[in-house]
Amino acid sequence: MKVLVFNCGSSTLKFQLVEVSPLGAAGPKTRSLARGLVDRIGENATCSFARGGGEPHREPVAIDDHEQAVEEVLGWLARGWDGAQMELDAVGHRVVHGGDRFRTSVLIDDEVVAALDELSALAPLHNPACVSAIRAARETLGASMPMVAAFDTSFHHTVPDHAATYAIPYELVLRHKIRRYGFHGLAHRYLALRYAELTQRPEDEVDIITLHLGNGCSATAIRGGRSVETSMGFTPLEGLVMGTRSGDLDPAIIGFLSRKERLSVAEVEALLNERSGLLGVSGRSKDMRELLQRAPSDARSRLAVEIFCHRARKYVGAYLAVLGGANALIFSGGIGENSPEVRAQICAGMDWCGLRLDPELNQSRIGTEGLISPATAKLPAYVIPVDEERVIALETERLVVESR
Ligand code: AMP
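Presented here is an overview of the structure given in this document. (Residues numbered from 1 in each chain as written. Predicted model: local features only at pLDDT ≥ 70, side-chain atom pairs only at ≥ 80, totals over all residues. Heavy atoms only, no water.)

## Quick word on the sheet that holds strand S13 (residues 370-371)
Sheet architecture is open: 6 strands sit in the order S11-S10-S9-S12-S14-S13, paired in mixed fashion. What marks the edges here is a single partner per strand, and that holds for strand S11 (226-230) and S13. Note that strand S12 (residues 328-332) and strand S14 (residues 381-383) share 3 bridges and pair parallel. Residue pairing across strands places Leu-329 opposite Ala-381, the latter belonging to S14. Packing of helix H6 (residues 185-199) onto the sheet brings it into contact with strand S9 (208-213), strand S10 (217-223), S12 and S14, and relative to S9 it is tilted by some 125 degrees. Against the sheet, helix H11 (residues 299-323) contacts S9, S10, S11 and S12, and its axis sits at roughly 15 degrees relative to S10. (Pairing = 2+ DSSP bridges. Helix = DSSP H or I, 4+ residues; strand = E, 2+ residues; numbered from the N terminus. Contact = heavy atoms within 4.5 Å. Axes fitted to C-alpha atoms, helices over the stretch in contact; angles between N-to-C directions.)

Take a look at the structure:
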């Protein structure tokens, strides 16, 4: 089955055309046929498209919104496929927030689109873009093209109540559906799946801690292949230090800042989401690469990196306690995949739990997959570059086959 996967960010549209082999077929279950990105939607957008593992073709285009971006991608696939008719069997969409209604991926129909519209209130930065991409794809490809929504929250629905419930008056929890939803679920799900493949372990025997460290960052404790605790919460603001988000902090700081700086609650929220984290502490940049370069001569850049690594390490310790030990620690995301320095800082002095990096392996593993610990380490660490589109393609194929 050929599945086109759309993955919307607030100003980006990533896509991948994935061939999924039928169940029971020999060889790898998925193969990437084409991929690309529409970047900076709304201001000087660029599109890049590549077939298979080929070189990307880039061009500037005028694209104002996600609907136009979807049309551009569908047009390119139809035109550029060696002049031949594009074969497409299904479309999978990444949707950030499934709320408490969508606990698994679903086939999209009019009712689902309406429900997704309602959920936009919970994820105003991300869901509206996903929903407009879904509408545009349905309009262009017609109602007969099966489509699936895969949610970033659904992997975390297995987090038990004692880990998902905030200790605030319970009536409010129920009235406003306040809970730890968790995000980046497709990425963490992929890491569990890929770790199982790499170590030839059944997925339900995977007990790991995953650190997805990019511009947004989250950690997840996975037991038996299921998420049992995760660092992002009701919104993606909680947990690890991120590019511009504070992550965990004393909630009393919100009222304090509001009073002292005469800011509205919305302004404090914006400050914590957009002007905090690595950017807020360093005063320089939200970009880890830049901060690592500045760190030797700039104390605040150094402090930002130290806070980032300390927080991540604290979560590793906490999740080892939650799981009662783990098979492995996995690094992913732009920072996790590319920065041996950050990985080394997070894992330094963790010999007590068997976590130790091999300096050479760690140094050589940049954007590539594999072990970064000595073969004998009791708690080995791996780098696994994330392929969310693959998880979405597999989910799409499963639901489409089941619906036939
Ligand atoms: P992502 O959101 O997954 O694309 O990750 C973006 C983050 O990865 C930014 O903070 C980048 O600075 C960081 N990053 C990318 N490459 C490197 C690198 N070689 N060393 C350190 N950080 C990197």
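After that view, the rundown keeps rolling.
## A few points about the site of the ligand
Surrounding the ligand, one finds Gly-214, Asn-215, Lys-286, Asp-287, Met-288, Arg-289, Leu-292, Gly-333, Gly-334, Ile-335, Asn-338 and Ser-339. Interatomic distance of 2.4 Å between a side-chain N/O atom of Asp-287 and an oxygen atom of the ligand. Arg-289 has a polar backbone atom sitting 3.1 Å from an oxygen atom of the ligand. Protein burial of the ligand: of its 510 Å² of free accessible surface, 70% is covered by the chains. For the shell around the ligand, the elements supplying multiple residues, two or more each, are helix H10 (288-294) and helix H12 (333-338). Among the elements that line the shell around the ligand, the one with the most residues is H12, at 4 residues. (Near = heavy atom within 4 Å. Polar contact = N/O pair within 3.5 Å; in protein donor to acceptor, adjacent residues only side chain to side chain. Areas by Shrake-Rupley, 256 points an atom, 1.4 Å probe, with all protein chains shown as cover.)

## Details of the sheet that holds strand S6 (residues 90-95)
With mixed pairing, 8 strands are arranged side by side in an open sheet as S5-S4-S3-S2-S1-S6-S8-S7. Both edges of this open sheet fall to strand S5 (57-60) and strand S7 (106-107), since each of them pairs with a single strand only. Pairing between strand S4 (residues 46-51) and S5: 4 bridges, direction antiparallel. Its bridge partner being in S5, Cys-47 is matched across the sheet by Glu-59. The strands that helix H1 (residues 66-79) touches are strand S1 (2-8), strand S2 (13-20), strand S3 (30-39), S4 and S5; relative to S2, the one it contacts most, it runs at about 40 degrees.

## Some details on helix H15 (residues 388-403)
Counted at 1.5 Å a residue, the expected span for H15 with its 16 residues is 22 Å, and the 23 Å between its end C-alpha atoms agrees. Of all 16 residues making up H15, 12 are buried, and the element is well covered by its neighbours. Restricting attention to buried positions, one finds in H15 the residues Glu-388, Glu-389, Arg-390, Val-391, Ile-392, Ala-393, Leu-394, Glu-395, Thr-396, Glu-397, Leu-399 and Val-400. (Expected span 1.5 Å × (residues − 1). Buried < 20%, exposed > 50% of the residue type's maximum accessible area, 1.4 Å probe, protein only.)

## Looking at unusual backbone geometry
Phi angles above zero are rare outside glycine, and Lys-177 is one such case at about 55 degrees. Looking at the secondary structure, you find Lys-177 in the loop between helix H5 (170-176) and H6. For Lys-177, a relative accessible area of 46% gives the class partly exposed. Of note, His-184 is a non-glycine position whose phi angle comes to about 60 degrees, a positive value. Within the fold, His-184 resides in the loop between H5 and H6. Look at His-184 and you get buried, because its relative accessible area is 13%.

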